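Structural overview
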Amino acid sequence: MTAPRCLSGPDPTYTQQALDHEVEGIMLVRCIVTRQGMVYGCRVLKSLPFMDAAVMRALEQRRYSPALIDGLPIEVEYLFRIHLKLP
């Protein structure tokens, strides 16, 4: 399988609370990536304070190349590792 690759869309925007608390680290979010490269059904598996909604919103606005098996696009559940570092 060829994994989905980000083509466009926003990075997560830090919330004011996350900035105030200097939140950094890695979030794990499982989503479905469609054959058209759209993202939906996200679930946070490893959270960071004050950032869950912002990260899920950014992921669902992105577009990806679809996962491929034998050159054909497939819908896939994919684990995203989101690295957050203070600006």
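The rules we used
Residues numbered from 1 in each chain as written. Predicted model: local features only at pLDDT ≥ 70, side-chain atom pairs only at ≥ 80, totals over all residues. Heavy atoms only, no water. Helix = DSSP H or I, 4+ residues; strand = E, 2+ residues; numbered from the N terminus. Areas by Shrake-Rupley, 256 points an atom, 1.4 Å probe, with all protein chains shown as cover. Lys, Arg positive; Asp, Glu negative; His and termini not counted. Charge placed at Lys NZ, Arg CZ, Asp CG, Glu CD. Disulfide = S-S within 2.5 Å. Buried < 20%, exposed > 50% of the residue type's maximum accessible area, 1.4 Å probe, protein only. Pairing = 2+ DSSP bridges. Axes fitted to C-alpha atoms, helices over the stretch in contact; angles between N-to-C directions. Contact = heavy atoms within 4.5 Å.

It is worth spelling out the overall build of the protein at this point. Along the backbone of the protein there are two helices and seven strands. What you see in the protein, going N to C, is helices and strands ordered as β-α-β-β-α-β-β-β-β. When the accessible area of the protein is evaluated, it comes to approximately 5,400 Å², of which 53% is carbon and sulfur surface. Across the protein, 10 positive and 9 negative side-chain charges occur, with their mean positions spaced 5 Å apart.

Tallied over the full model, the rule gives one disulfide. Here C6 is not cross-linked by a disulfide; its sulfur's nearest cysteine counterpart is in C31, at 12 Å. Given a relative accessible area of 37%, C6 falls into the partly exposed group.

Before going further, it helps to spend a moment on the sheet that holds strand β2 (residues 25-33). Strand order in the open sheet made by the three strands is β3-β2-β7, with antiparallel pairing throughout. The strands lining the two open edges of the sheet, one partner per strand, are β3 (39-46) and β7 (76-84). Strand-to-strand twist of the sheet, defined as the mean angle between neighbouring strand axes without regard to direction, takes the value 30°. Here five bridges tie β2 to β3, and the two strands are oriented antiparallel to one another. Note that in β3 the partner of R30 across the bridge is R43. Sitting on the sheet, helix α2 (residues 52-61) is in contact with β2, β3 and β7, with an inclination near 145° to β3.

Looking at the secondary structure, you find C6 in strand β1 (residues 5-8). With near-sequence residues (within four places) excluded, C6 lies in contact with R62, R63 and Y64.

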